[in-house]
Amino acid sequence: MRDGLDDVVAASTRLSEVDGEAGRLTIAGYTVDDLAPRATFEELAYLLLHGRLPDPFERDQFAQDVAGRRALSPAAMSVLHYAAAAQASPMDALRMGVPMLSLGRAENPLDDSLTAIAAFPTIVGTYARLQHGEAPVPVRPDLGHAAHYLHQLSGEEPSAERARALETYLNTVCDHGLNASTFAARVIVSTRSDVISALAGAVGALKGPLHGGAPGPALDMVFEIGVPERAEAVIRAKLDRGERLMGFGHRVYRVRDPRADVLAEAAERFYSSDGDRSIYDLARKVETTALRLLRERKPDRRLDTNVEFYTALLLHGLGLPTELFTPTFAVGRVLGWAAHCLEQLRDGRLIRPQSAYIGPTNLHYDRQLAHAAA
Ligand code: ACO
């Protein structure tokens with residue numbers, strides 16, 4: 001067996017299904033392309049936490065409840081101030097800020113989940129401002145979830161188009177089967193630990209470049225290429241050096257990641273309405289060239305576009321700097337993490353796989369040798 005748990009089923013879930021052969025993502029019964037561009041994030045949150053879409057009354061009550069949980073405690077604010085003084089990365093600041101959400105509150109899985117979903121945008125937005133020497137902006141309970149995040153970042157109320165583009169992104173990435181960070185969260189609560197601990201662990205797992213850290217480098221590649229005519233030479237050189245092309249390949253999808261299509265459409269809509277499509281058109285060219293060269297280099301392994309490629313393009317269009325791409329992913333994915341924690345607590349068993357020992361055996365401890373080595 002190969003390390004990495006490929007093809008191992010470690011949990012049963014009603015939250016999402018990733019069909020890697022068909023390139024289909026189902027979220028609690030709905031395909032991602034049906035749901036993500038049209039639903040509000042709050043509706044998706046209700047769907048994943050309660051198992052069905054809300055009626056209009058439930059939707060409004062739920063949105064109000066979440067909006068009422070946006071403010072951070074003075075202790076959490078203080079941690080973010082310290083993090084900014086130490087020039088921590090936004091993802092590290094988020095990892096430091098999340099545990100503060102448990103301070104002064106009794107552990108309660110649903111309550112912890114709602115608080116974290118509401119507070120992630122405030123943590124990331126507050127920290128982004130502190131990092132650039134700007135004062136945090138007060139929370140606004142009257143804005144929708146996606147609009148509120150943009151407001152926390154910029155201090156300005158976003159247009160409906162900008163809020164919709166971000167909302168489509170957050171919806172698209174809110175859950176995705178048993179990816180590494182979700183698995184990490186489920187493992188943590190499977191010990192009957194609390195949801196906030198699980199979310200802190202999940203943030204740590206998402207930080208790595210093989211998981212949520214890819215969109216920054218994906219955008220860097222597009223900028224490095226600069227003009228469509230350079231795409232072939234730059235990508236060939238990267239592959240010659242044995243580099244991986246960020247934004248391509250996936251552990252489960254053997255065809256194009258369906259989230260890439262949803263975000264490509266959202267990015268096209270957004271860039272077209274913005275008037276300047278040049279970066280979008282360049283990215284399309286980079287994508288087709290990368291796919292052709294990957295097929296040439298790895299004919300036996302289908303490497304296709306993943307969600308991160310168009311994430312980069314969309315978030316860049318919304319004016320987010322690259323260091324906020326992964327924390328923004330976390331703002332969407334915290335919903336899936338929380339829903340998986342609730343499901344694991346309700347239905348799951350302790351997750352405790354085994355390892356295959358490949359080290360030596362029959363060694364004997366020699367006290368003198370041990371002292372000499374020290
Ligand atoms: N560019 C070039 N070669 C690649 C790429 C890539 N993006 N992805 C995989 N390969 C190659 C590997 O070098 C390897 O080649 P080899 O067999 O000659 O050594 C082969 O394809 C298989 O690679 P694995 O690492 O075994 O495949 P795995 O299923 O573990 O990879 C992963 C999945 C980590 C996402 C990989 O495709 C990758 O590194 N992609 C770039 C990073 C990225 O975009 N990450 C975001 C993923 S989406 C998400 O997490 C939200």
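What you see is a predicted model; the values in this text were computed from it and never measured.

Chemist: Provide a residue-level description of the overall build of the protein, including the pertinent values.
Modeler: Helix and strand counts for the protein come out as 17 helices and three strands. Whereas a compact globule of 374 residues would reach a radius of gyration of roughly 21 Å, the protein reaches 22 Å, a difference of no more than 12%. With respect to the principal axes defined by its C-alpha atoms, the protein has extents near 70 × 60 × 45 Å. Expressed as a percentage of the 374 residues in the protein, the buried residues total 50%. Considering only contacts in the protein between residues 6 or more positions apart, those separated by 24 or more positions represent 75%. Counting only carbon and sulfur atoms, one obtains 52% of the accessible surface of the protein, whose full area is about 17900 Å².

Chemist: Give me the lowdown on the sheet that holds strand β3 (residues 30-31), citing residues and values where you can.
Modeler: In spatial order, the strands read β1-β2-β3; together these three strands make up an open sheet with antiparallel pairing. Of all strands in the sheet, those with a lone pairing partner are β1 (16-19) and β3, marking the two edges. Where β1 lies against strand β2 (residues 24-27), four bridges are found, and the strand directions are antiparallel. Bridge assignment links V18 to a residue of β2, and that residue is L25.

Chemist: Lay out the site of the ligand in plain terms, naming residues and giving numbers.
Modeler: Around the ligand, 21 residues are found, and the nearest of them are R244, L245, G247, F248 and K298. L245 places a polar main-chain atom, nitrogen or oxygen, 2.7 Å from a nitrogen atom of the ligand. R251 has a polar side-chain atom sitting 2.9 Å from an oxygen atom of the ligand. Protein contact buries 78% of the 920 Å² of open area that the ligand shows by itself. Partitioning the shell around the ligand into residue classes produces ten nonpolar, five polar and six charged. Inspection of the shell around the ligand shows a minimum of three residues originating in each of domain 1 (17-210 + 324-347) and domain 2 (215-317).

Chemist: Got a sec to walk through the domain arrangement of the protein? Specific residues and values, please.
Modeler: Parsing the protein into structural domains produces domain 1 (17-210 + 324-347) and domain 2 (215-317). Placing a centre on the C-alpha atoms of domain 1 and another on those of domain 2 gives a separation of 26 Å. Listed by partner, the interface residues are 26 residues for domain 1 and 26 residues for domain 2. Together, the buried faces of domain 1 and domain 2 total about 1900 Å²; carbon and sulfur atoms form 76% of this surface. On the surface where domain 1 and domain 2 come into contact, there are zero salt bridges. Of all the elements in the fold, those that place two or more residues in the side of domain 1 that touches domain 2 are β1, β2, α1 (32-35), α8 (160-172) and α16 (325-347). The element best represented in the side of domain 1 that touches domain 2 is α8, accounting for seven residues. The residue inventory of the side of domain 1 that touches domain 2, partitioned by class, reads 13 nonpolar, six polar and seven charged.

Chemist: Describe the pairing of β2, naming the residues involved and giving the relevant values.
Modeler: The hairpin formed by β1 and β2 contains four residues between the paired strands, and G23 there has a positive phi angle of roughly 70°. Here β2 pairs with β3 via two bridges, running antiparallel. Directly across from I27, in β3, lies its bridge partner Y30.

Chemist: Account for the packing of helix α5 (residues 90-97) against helix α6 (residues 109-131), with residues named and values stated.
Modeler: Packing of α5 against α6 leaves a shortest axis separation of 10 Å and a crossing angle of 130°. By the angle class used here, α5 and α6 are oblique. Of the two possible hands of crossing, α5 and α6 adopt the one that is right-handed. Residue-level inspection shows P90, A93, L94 and G97 of α5 in contact with α6, the latter providing F120, I123, V124, Y127 and Q131.

Thresholds applied
- Residues numbered from 1 in each chain as written.
- Predicted model: local features only at pLDDT ≥ 70, side-chain atom pairs only at ≥ 80, totals over all residues.
- Heavy atoms only, no water.
- Helix = DSSP H or I, 4+ residues; strand = E, 2+ residues; numbered from the N terminus.
- Rg over C-alpha atoms; globule rule 2.2 N^0.38 Å.
- Buried < 20%, exposed > 50% of the residue type's maximum accessible area, 1.4 Å probe, protein only.
- Contact = heavy atoms within 4.5 Å.
- Areas by Shrake-Rupley, 256 points an atom, 1.4 Å probe, with all protein chains shown as cover.
- Pairing = 2+ DSSP bridges.
- Near = heavy atom within 4 Å.
- Polar contact = N/O pair within 3.5 Å; in protein donor to acceptor, adjacent residues only side chain to side chain.
- Nonpolar A, V, L, I, M, F, W, Y, C, P; charged D, E, K, R; others polar.
- Domains from an automatic or database assignment.
- Buried area = accessible area lost by both parts, 1.4 Å probe.
- Salt bridge = Lys/Arg side-chain N within 4 Å of Asp/Glu carboxyl O.
- Axes fitted to C-alpha atoms, helices over the stretch in contact; angles between N-to-C directions.
- Parallel < 35°, antiparallel > 145°, perpendicular 65-115°, else oblique.
- Left-handed = near helix turned anticlockwise from the far one by under 90°.

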